Amino acid sequence: MANTAAFGEIGLVPLRQSTFNPSHRPFFSLSFHNTAISSSPKLTAALSFTQSQGFGFASKEQKRTDLVQTSAVRELRGSLLSAQGHRFAIVVARFNDLITKKLLEGALDTFKSYSVREENIDVVWVPGSFEIGVVAQQLGKSQKYQSILCIGAVIKGDTSHYDAVVNATTSGVLSAGLNSGTPCIFGVLTCDTLEQAFNRAGGKSGNKGAEAALTSIEMASLFEHHLKPLE
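Residues numbered from 1 in each chain as written. Predicted model: local features only at pLDDT ≥ 70, side-chain atom pairs only at ≥ 80, totals over all residues. Heavy atoms only, no water.

As annotated in an unreviewed UniProt entry, the protein chain carries the name 6,7-dimethyl-8-ribityllumazine synthase and comes from Nicotiana sylvestris. Checking UniProt for the protein chain, the heading Subunit (unreviewed entry) contains the comment "Oligomer forming an icosahedral capsid." (UniProt positions renumbered as here; feature names shortened; annotations may be inferred.)

Listed below in structure tokens is the structure:
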């Protein structure tokens, strides 16, 4: 007995010719019918052609009118070429100062290498990372600085105190920038161990204070040259 199986067979289907643009090339239309056929090695297929408009690939002659060509989009970017003339404040937490002092050193070295003069940098010490936000906000509202760099180190302990401080510090720095209109840069380490913190304060993972200083320079340039409020 010959085995049979449901197989898709391509068949010729009469199609109504619809209105079309003579400049368009014909599109192909295929129809499929499910039927039970013998497992014969031969399968007859027929193609039907129709000149109709619908889904398909547009011809080369067809001009695309649905896409609007626009001029180049204007991009606004902060510059890292030089920060000369800009004033910066650095808010530093004393808690875990073995770490925060190294982060501060990295930040100061970066500012110096980008032509920021020492007299244009003010360093403000606060007890801990929790207090960074409120001080950063006041400094930002003074309008004396183009950017505020926030430095601290929160290391996880055995209690949930770590989560509370990290959340408060993160939201505090964010709120300081939003409320003052001055960029406030998050340079606070949040680490599981003291070893992780040292690695990020000049160790094998680099100095995150230096990286935050670069962000501070770029944001100061962006605000000063492109986002400065009209007076």
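After that view of the structure, there is still more to cover.
J.: What exactly am I supposed to notice about the nonpolar core here?
T.: Proteins that are soluble and globular tend to have nonpolar side chains buried together. Counting 23 residues, the largest nonpolar core has Phe 88, Ile 90, Ile 99, Phe 111, Leu 149, Ile 151 and Leu 189 as the members making the most contacts within it. Listed by contribution, the elements that provide at least two residues to this core are strand 5 (88–93), helix 1 (97–113), strand 7 (147–155), strand 8 (184–191) and helix 5 (208–225). For this core, the element with the most residues is helix 1, which contributes 5 residues. Of all hydrophobic cores here, the second largest spans 18 residues; its members include Val 91, Ile 148, Val 166 and Val 173. (Core = buried A, V, L, I, M, F, W, Y, C linked by side-chain atoms within 4.5 Å. Buried < 20%, exposed > 50% of the residue type's maximum accessible area, 1.4 Å probe, protein only. Helix = DSSP H or I, 4+ residues; strand = E, 2+ residues; numbered from the N terminus.)

J.: What's the story with the sheet that holds strand 7 in this structure? I'm lost.
T.: To summarise the sheet geometry, strands pair through backbone hydrogen bonds and adopt either a parallel or an antiparallel arrangement. Taking strand neighbours across the sheet as the criterion, the 4 strands line up as 6-5-7-8 in an open arrangement whose pairing is parallel. Two strands bound the open sheet, and with one partner strand each, they are strand 6 (121–126) and strand 8. Across the sheet, the axes of successive neighbouring strands diverge by a mean angle of 15°, strand direction being ignored. Against the sheet, helix 2 (residues 132–141) makes contact with strand 5, strand 6, strand 7 and strand 8, and its axis sits at roughly 175° relative to strand 7, the strand it touches most. (Pairing = 2+ DSSP bridges. Axes fitted to C-alpha atoms, helices over the stretch in contact; angles between N-to-C directions. Contact = heavy atoms within 4.5 Å.)

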